[in-house]
Amino acid sequence: MISAGLAWIGIKAMPLFVLILFFGAPLLAMPPEFMSSFYHDWIYSWLPMRFMVDGLRELFFFDNGLSWNHPTMVLVGIGLGSLVILCASALKPSGNMENDTQSNM
C-alpha cells in the first residue's frame, strides 16, 4: 500500500503513512476494550494494520487456525487494490515530459 501511494502520488503521500504508523503502532498492541471511545471509533477503525493484528490475535490466542475469515479477506483486498494502483501508476503520464519538450525547443 505504501509503494502504491508513493508510485501514484509521490513523496507527498509519505506524511499520510507516517501519521497512520505514528498513531496506529501504539494502538495495535492494546486490546480494543481498553481504548478510549475516540481512539476506538475514529483511529482504530481506520487502521489497515488492525486486520493483520485481528487475524494474528485469532490465530495465536483463539486457536482458529488458518482460514478465510474477515481479516484475511480485507488484507487480500488491500493487497489486490494496492497492486492494481501500483500497476496503473506505470501507465500514468508524468508531468516532466511536458517540461522536457518545452525546454528542447
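Up top is the structure these notes are about.
Residues numbered from 1 in each chain as written. Predicted model: local features only at pLDDT ≥ 70, side-chain atom pairs only at ≥ 80, totals over all residues. Heavy atoms only, no water.

Asker: I tried to follow the overall build of the protein chain on my own but got confused; where do I start?
Answerer: The number of helices and strands found in the protein chain is 6 helices and 0 strands. Written out in order from the N terminus, the α and β elements of the protein chain read α-α-α-α-α-α. Within the protein chain, the proportion of its 105 residues that are buried is 21%. Long-range contacts, defined here as pairs at least 24 residues apart, represent 43% of the contacts in the protein chain between residues at least 6 apart. Looking at the protein chain as shown, the accessible area adds up to about 7,900 Å², and 71% of this sits on carbon and sulfur atoms. (Helix = DSSP H or I, 4+ residues; strand = E, 2+ residues; numbered from the N terminus. Buried < 20%, exposed > 50% of the residue type's maximum accessible area, 1.4 Å probe, protein only. Contact = heavy atoms within 4.5 Å. Areas by Shrake-Rupley, 256 points an atom, 1.4 Å probe, with all protein chains shown as cover.)

Asker: Just to check I follow, could you spell out the environment of lysine 92 for this structure?
Answerer: Here lysine 92 is to be found in the loop between α5 (70-91) and α6 (96-104). For the pair formed by lysine 92 and tryptophan 8, sequence separation is 84 residues and the distance between their alpha carbons is 8.0 Å. Here lysine 92 is in contact with Ala7 and Trp8, once residues within four sequence places are set aside.

Asker: Please explain a nonpolar patch on the surface as it appears in this structure.
Answerer: On the surface, Leu19, Phe22, Phe23, Phe38, Tyr39, Trp42 and Trp46 cluster together into a nonpolar patch covering about 870 Å² of accessible area. Looking at the nonpolar patch, the elements with two or more residues in it are α2 (14-28) and α3 (37-43). Relative to the helices and strands, tryptophan 42 is located in helix α3. (Patch = residues over 30% accessible without salt bridge, like charges linked within 9 Å, V, L, I, M, F, W, Y side chains within 5 Å. Salt bridge = Lys/Arg side-chain N within 4 Å of Asp/Glu carboxyl O.)

Asker: What should I look at first to understand the side chain of serine 82 in this one?
Answerer: By secondary structure assignment, the location of serine 82 is in helix α5. In terms of polar contacts, serine 82 uses its side chain to reach the backbone carbonyl oxygen of isoleucine 78, at 2.8 Å. Aside from chain neighbours lying at most four places away, what touches serine 82 is Met1 and Ala4. (Polar contact = N/O pair within 3.5 Å; in protein donor to acceptor, adjacent residues only side chain to side chain.)

Asker: It is not clear to me how the layout of surface pockets should be interpreted in this structure. Could you clarify?
Answerer: Any space left empty among the atoms is revealed by the rolling of a water-sized probe across them. A volume near 160 Å³ is recorded for the largest pocket. Forming the boundary of the largest pocket are 14 residues, of which Gly55, Leu56, Leu66, Asn69 and Thr72 lie nearest the centre. Those elements that provide at least two residues to the lining of the largest pocket are α4 (50-61) and α5. Broken down by element, the lining of the largest pocket gets its largest block of residues, 6 residues, from α4. Looking at the lining of the largest pocket residue by residue, the classes come out as 7 nonpolar, 6 polar and 1 charged. (1 Å grid on protein atoms, 1.4 Å probe; cavity = no way out; pocket = protein on both sides within 12 Å on 5 of 7 lines; lining within 4 Å. Points joined across faces, edges and corners; volume = space filled by probe spheres on them. Nonpolar A, V, L, I, M, F, W, Y, C, P; charged D, E, K, R; others polar.)

Asker: Can you walk me through α5 in this structure?
Answerer: Quick reminder: α-helices carry 3.6 residues per turn. Residues three or four places apart thus point the same way. Compared with the 32 Å implied by 1.5 Å per residue over 22 residues, the 32 Å span of α5 between its first and last C-alpha is a close match. Burial in α5 covers these residues: Pro71, Val74, Ser82 and Ser89. Along α5, the residues classed as buried sweep out an arc of 65° about the axis, all on the same side. Turned more than 90 degrees away from the buried face of α5, the exposed residues are Leu80, Val84, Ala90 and Leu91. (Expected span 1.5 Å × (residues − 1). Arc of directions from axis to C-beta.)

Asker: What exactly am I supposed to notice about α4 here?
Answerer: Taking 1.5 Å of rise per residue, 12 residues should cover 16 Å, and α4 covers 16 Å from first to last C-alpha, within 8% of that figure. Every buried residue of α4 is accounted for by Arg50, Phe51 and Val53. Angular distribution of buried residues about the axis of α4 spans 165°; they occupy a single face of the element.

Such coordinate-based values are descriptive only and should not be taken to indicate function.
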